[in-house]
Amino acid sequence: EDQVTQSPEALRLQEGESSSLNCSYTVSGLRGLFWYRQDPGKGPEFLFTLYSAGEEKEKERLKATLTKKESFLHITAPKPEDSATYLCAVQAPNQFYFGTGTSLTVIP
Amino acid sequence: GAVVSQHPSRVICKSGTSVKIECRSLDFQATTMFWYRQFPKKSLMLMATSNEGSKATYEQGVEKDKFLINHASLTLSTLTVTSAHPEDSSFYICSARGGLTYNEQFFGPGTRLTVL
């Protein structure tokens, strides 16, 4: 059964404390893995697309990596403005699966 | 680029009325648009997928007569919640895919529907 699982469900970090969010997937025929950021009461904001194992992408304090079974979103020296819910989604040939998200809180 | 707008951002209506939500791709042609529903602190639940000029494909459990979707052009899709009831209150989000970045879905800001 195709599935996307994100962990942890919630994460609290001190400002400057680096960490990683995980997205594990069991999907046949991966067409792409996507990371989004969602602020309360807003639609998801696109961050990255990864297509193949070994691929990495970076944007400011965020870096996304991909293996054959999972993706990590690394956050380096986070700031309070990085607080949000981070969603990962996986595109299979006929479906698009969303994880349940990781709620990140960065404390000043 | 890849901006998607939704209108209205918030709507409050009485039970039994119908509400239309518009989703527009502003700077690209969206060959496919998606409608999602999101409950508080939950992930997005896909309701339906629509391709321009054809009927929408609804996910299992989503009433197509209740949630009418029209994708009349490459930049506009509408979701009409017919005879709304309080249990239809939710956050509705559309996304669009197409143009040069064919694989990515770009999301609108969402519409908060409250049915009294």
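Here is what the cut-offs are and how they apply
Residue numbers restart at each chain and count upward from 1, following the sequence in its written direction. As a convention, the first chain written is A and the first ligand written is 1, with the rest following in written order. Owing to the predicted nature of the model, reporting of local features is limited to residues with pLDDT of at least 70; listing and counting of side-chain atom pairs is limited to 80 or more, with chain, interface and lining totals taken over all residues. Each side-chain value is worked out from all heavy atoms of the structure, with water and hydrogens disregarded. Each helix is a run of DSSP H or I of at least 4 residues and each strand a run of E of at least 2, with the numbering of both proceeding from the N terminus. Computation of the radius of gyration draws on C-alpha atoms alone. For the globule rule, the value is 2.2 Å times the number of residues to the power 0.38. Relative accessibility under 20% of the residue-type maximum defines a buried residue, over 50% an exposed one, and the middle range a partly exposed one, all with a 1.4 Å probe and only protein chains included. Accessible areas in this description were obtained via Shrake-Rupley with a 1.4 Å probe; residue shielding takes into account the shown protein chains only. Only four residue types enter the tally: Lys and Arg on the positive side, Asp and Glu on the negative side; His and the chain ends are excluded. For the purpose of locating charges, the reference atoms are NZ of Lys, CZ of Arg, CG of Asp and CD of Glu. Strand pairing requires that DSSP identify at least two bridges connecting the strands. Angles shown run from 0 to 180 degrees and are taken between the N-to-C directions of axes, each axis being a line fitted to C-alpha atoms and, for helices, limited to the stretch in contact. With a 1 Å grid spanning the protein atoms alone, the term cavity applies to any set of points in which a 1.4 Å probe fits but cannot get out, the term pocket to an open set with protein on both sides within 12 Å along at least five of seven lines, and the term lining residue to any residue with an atom within 4 Å of a point. Grid points are joined across faces, edges and corners, and a volume is the space filled by probe spheres set on the points. Amino acids outside the nonpolar list (Ala, Val, Leu, Ile, Met, Phe, Trp, Tyr, Cys, Pro) and the charged list (Asp, Glu, Lys, Arg) are all regarded as polar, and Gly is one of them. As used in this structure description, the phrase polar contact means that two N or O atoms lie within 3.5 Å; if the pair is within protein, one of them must be able to donate a hydrogen and the other to accept it, and residues adjacent in sequence are counted only when both atoms belong to side chains. By definition, residues are in contact when any of their heavy atoms lie within 4.5 Å. Two aromatic rings, drawn from Phe, Tyr or Trp (for Trp, its six-membered ring), form a pair once their centres lie within 6.5 Å of each other, and the interplanar angle then sorts them: stacked below 30 degrees, edge-to-face above 60, tilted otherwise. To qualify as a nonpolar core, a set must consist of buried Ala, Val, Leu, Ile, Met, Phe, Trp, Tyr and Cys residues joined through side-chain atoms within 4.5 Å.

Let's talk about the overall build of chain A
Stage number 1. Each helix and strand in chain A was counted, giving 0 helices and 11 strands.
Stage number 2. Written out in order from the N terminus, the α and β elements of chain A read β-β-β-β-β-β-β-β-β-β-β.
Stage number 3. Its C-alpha atoms give chain A a radius of gyration of 13 Å, near enough to 13 Å, the size a compact globule of 108 residues would have.
Stage number 4. Dimensions along the principal axes, computed over C-alpha positions, put chain A at roughly 40 × 30 × 20 Å.
Stage number 5. With 108 residues in all, chain A has 44% of them scored as buried.
Stage number 6. Carbon and sulfur atoms form 46% of the exposed surface of chain A, whose accessible area is close to 5300 Å².
Stage number 7. Of the charged side chains in chain A, 11 are positive and 14 negative; the average position of the first set lies 3 Å away from that of the second.

Remarks on the sheet that holds strand β3 (residues 19–25) of chain B
Residues and elements named next belong to chain B.
Stage number 1. Taken together, 4 strands build an open sheet; the order of strands is β1-β3-β8-β7 and the sheet is antiparallel. Single-partner strands in this sheet number two, and they are β1 (4–7) and β7 (67–73). Pairs of neighbouring strands in the sheet enclose a mean axial angle of 15°, with direction left out of account.

Section: the sheet that holds strand β1 (residues 3–7) of chain A
All names here are of chain A.
Stage number 1. With antiparallel pairing, the 5 strands of this open sheet are ordered in space as β1-β3-β8-β7-β6. Taken across any chain shown, the strands that pair with only one partner, and hence form the sheet edges, are β1 and β6 (56–59). Sheet twist, expressed as the average angle between the axes of neighbouring strands with direction ignored, equals 15°.

Brief notes about the layout of surface pockets
Stage number 1. By volume, the largest pocket is sized at about 600 Å³.
Stage number 2. Around the largest pocket sit 22 residues that line it, and A:Thr85, B:Gln38, B:Pro40, B:Lys41 and B:Lys42 are the ones nearest its centre.
Stage number 3. Of all elements in the fold, only β9 (84–92) and β11 (102–107) of chain A reach the threshold of two or more residues within the lining of the largest pocket.
Stage number 4. Considering each element in turn, the lining of the largest pocket owes the most residues, 3 residues, to β9(A).
Stage number 5. Tallied by class, residues from the lining of the largest pocket come to 7 nonpolar, 9 polar and 6 charged.

Details of the side chain of B:His71
Residues and elements named next belong to chain B.
Stage number 1. Here His71 is to be found in strand β7.
Stage number 2. At 3.1 Å, the side chain of His71 and the backbone oxygen of Ser73 are in polar contact.
Stage number 3. For His71, the residues in contact, after removing those within four places along its chain, are Ala30, Thr31, Thr32, Met33, Ser50, Asn51, Glu52, Gly53, Leu76 and Ser77.

With respect to the packing of aromatic side chains
Stage number 1. Under the counting rule described, the total for this entry stands at 12 aromatic pairs over all chains.
Stage number 2. A ring pair is formed by A:Phe34 and A:Phe96, whose centres lie 5.2 Å apart and whose planes are at 40°; its orientation type is tilted. Here A:Phe34 is found in strand β4 (residues 32–38), whereas its partner A:Phe96 is found in strand β10 (residues 95–98), with 62 residues between them in sequence. Taken individually, A:Phe34 and A:Phe96 each receive the classification buried, so the pair is uniform in this respect.
Stage number 3. By the ring-pair criterion, three or more aromatic residues cluster together here, those being A:Phe34, A:Tyr36, A:Phe46, A:Phe96, A:Phe98, B:Phe28, B:Phe34, B:Tyr36, B:Phe106 and B:Phe107.

Details of the nonpolar core
It is characteristic of soluble globular proteins that their nonpolar side chains tend to be buried jointly.
Stage number 1. In terms of nonpolar packing, the biggest core is built from 25 residues, with B:Val4, B:Trp35, B:Phe67, B:Leu79, B:Tyr92 and B:Leu113 touching the most fellow members.
Stage number 2. Elements that contribute at least two residues to this core include exactly β2 (10–13), β3, β4 (32–38), β5 (44–51), β7, β8 (76–81), β9 (90–98) and β11 (111–115) of chain B.
Stage number 3. A:Tyr25, A:Val27, A:Ile75 and A:Val106 belong to the second-largest nonpolar core, a separate cluster that totals 24 residues.

So, the pairing of β9(A)
Residues and elements named next belong to chain A.
Stage number 1. Across the 9 residues that make up β9, a large majority, 8, are buried.
Stage number 2. Pairing of β4 with β9 involves 7 bridges; the strand directions are antiparallel. Bridge pairing links Tyr36 to Leu87 in β9.
Stage number 3. Pairing geometry for β9 and β11, over 3 bridges, is antiparallel. Across the sheet, the residue bridging to Ala84 is Leu104, located in β11.
Stage number 4. Alignment of β9 against β10, held across 4 bridges, turns out to be antiparallel. Within the sheet, the bridge partner assigned to Val90 lies in β10 and is Tyr97.
Stage number 5. Between the antiparallel neighbours β9 and β10 lie 2 residues.

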